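# Architecture at a glance
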Amino acid sequence: MKRQCIKVPKKKGEPVRRILLELEILDNSVKIGADEAFLYLPLTREPASDELESFPEEIELIEFDFKPQKKKPVPEDLLGFSPAYEVIGDIALLEDPELDKEKASRIADALLLTHSNIKTVLKPLTPVIGEFRVREFEVVAGEPRTETIHREYGCRYKVDLARAYFTPRLSTERSRILSRVKKGDIIVDMFAGVGPYSILIAKSKKPSKVLAIDKNPDAVRYLRENIILNSAKNIEAIEGDAREEATKFAGTADHVIMNLPHSAFEFLDSAVLLAKPGGIIHYYGITPEDDLFESSIKFIKEAAEKAGRKIEVLEKRVVRSYAPHQYNICIEARIV
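In this report, we go over the structure that sits alongside the text. Here the structure is a predicted model, which means the values were calculated and not measured.

What counts and what doesn't
- Residues numbered from 1 in each chain as written.
- Predicted model: local features only at pLDDT ≥ 70, side-chain atom pairs only at ≥ 80, totals over all residues.
- Heavy atoms only, no water.
- Pairing = 2+ DSSP bridges.
- Helix = DSSP H or I, 4+ residues; strand = E, 2+ residues; numbered from the N terminus.
- Buried < 20%, exposed > 50% of the residue type's maximum accessible area, 1.4 Å probe, protein only.
- Polar contact = N/O pair within 3.5 Å; in protein donor to acceptor, adjacent residues only side chain to side chain.
- Contact = heavy atoms within 4.5 Å.
- Core = buried A, V, L, I, M, F, W, Y, C linked by side-chain atoms within 4.5 Å.
- Domains from an automatic or database assignment.
- Phe/Tyr/Trp six-rings, centres within 6.5 Å; stacked < 30°, edge-to-face > 60°.
- Salt bridge = Lys/Arg side-chain N within 4 Å of Asp/Glu carboxyl O.

Bridging between strand E1 (residues 2-9) and strand E4 (residues 60-65) involves six bridges; their strand directions are antiparallel. Across the sheet, the residue bridging to Cys5 is Ile62, located in E4. Summarising the sheet, E1 and strand E3 (residues 38-42) pair through five bridges and their orientation is antiparallel. Residue pairing in the sheet places Lys7 in a bridge with Tyr40 of E3.

Turning next to the side chain of Thr114. Turning to its location among the elements, Thr114 is positioned in helix H4 (residues 101-114). Residue class for Thr114 comes out buried when judged on its relative accessible area of 15%. Among the polar contacts made by the side chain of Thr114, one reaches the main-chain carbonyl oxygen of Ala110 at a distance of 2.7 Å. Setting aside residues no more than four positions away along its own chain, Thr114 makes contact with Pro73, Val74, Pro75 and Leu78.

This brings us to the nonpolar core. Formed by 36 residues in total, the largest nonpolar core has its most connected members in Leu161, Ile199, Ile201 and Ile235. Among the elements of the structure, strand E6 (91-94), strand E10 (155-160), helix H5 (171-180), helix H6 (196-205), strand E12 (209-214), helix H7 (217-229) and strand E13 (235-239) are those that each provide at least two residues to this core. Two domains each donate at least three residues to this core, and these are domain 2 (75-145) and domain 3 (167-335). With residues up to four places along the chain from it excluded, the contact list for Ile235 reads Ser198, Ile199, Ala202, Val210, Ala212 and Ile227. Grouped together as the second largest cluster of nonpolar side chains are 30 residues, Met190, Leu274, Phe293 and Ala333 included.

Here strand E5 (residues 85-88) shows one buried face, formed by Glu86 and Ile88, and one open face, formed by Tyr85 and Val87. Looking at chain direction, E5 and E6 are connected through four bridges and run antiparallel. When the bridges of E6 are listed, Glu86 appears paired with Leu93. Counting the residues between successive antiparallel strands, the hairpin from E5 to E6 contains two residues, one of them, Gly89, with a positive phi of roughly 60°.

A few words now on the packing of aromatic side chains. Counting across every chain of the model gives six aromatic pairs. With 6.3 Å between their ring centres and 55° between their planes, Tyr197 and Tyr284 make a pair best called tilted. Of the two residues, Tyr197 sits in helix H6 while Tyr284 sits in strand E15 (residues 275-288), which places them 87 residues apart along the sequence. Residue Tyr284 is classed as buried on the basis of its relative accessible area of 0%. Here the aromatic cluster, defined as three or more aromatic residues joined through ring pairs, consists of Tyr40, Phe64 and Phe66.

A word on the pattern of salt bridges. Enumeration according to the criterion identifies 32 salt bridges in this entry. Residue Glu315 is joined to Arg180 by a salt bridge in which the shortest nitrogen-to-oxygen separation is 2.6 Å. On the criterion of sequence distance, the pair formed by Glu315 in strand E16 (residues 311-323) and Arg180 in helix H5 is long-range, its members being 135 residues apart. Here Glu225 ties to Arg221 by a salt bridge, and the two come within 3.7 Å at their closest N and O atoms.

Following this line, the structure appears as structure tokens:
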């Protein structure tokens, strides 16, 4: 069967395979192809232009006729239903906190049997709570830990899920924001967590500066580890309240990232203060389906007017469904 692939000399094959695994775009449904001189690595999608910078010059994007991979069992085969879970690093996180012990254990066993990369299965005992946005967990099966290293777009993020918030479900959104940033920009990430926005930008776009702020000391500790882990340059990790830090960097930001969807509106005055003329605020919220954008745009407009400024709404979009009749949305507004 025909697939788009990367053609690479055999001597460079393993490094390229590892990059594709980190980017999560190696197609495991077919077997890797080979001839005397080259390997043919199948893709689930074409690498983005900035991702291609990570590859050796010798690669070539072509189509190749691959042989199908023998189908591996999936959790549904063992359980008879599709379990709801997400994978962060080598930890599987069950999504239903109401699962009884027996059903959770069955799902965990199926995940460990069918996914060699999963080493721990967790069940949340609480929703995301508190100003640090963390949850309590129960280890259902596997290694008794909540710390892992998650790989995304060529970056690695060490995180303890019980101490700092992280979700892989915003990976596409992080890549989209990355595409908005230009070389030499100054970025302020007001609620940086362990760094998935800040480090991706710092590593990929050569910004003038990334200021990554978070109030959670555990998140900032992992953020600093992740800066080193990814050899990221021109990024500063700041432990503190985004409101207080905003006064130190007023009028400097080309981009202000506000990924605190439940309460970002409380920080809009500070975001406007941070933005330079023409700077863009990337505002995230949780909104009902009958008022996806209008109230949030009003909040941004009022914060700008309070500072004697105006806004130009560049984009408004639904990022994902969050709960029944509620959505995680993003509004991008230029401050003028």
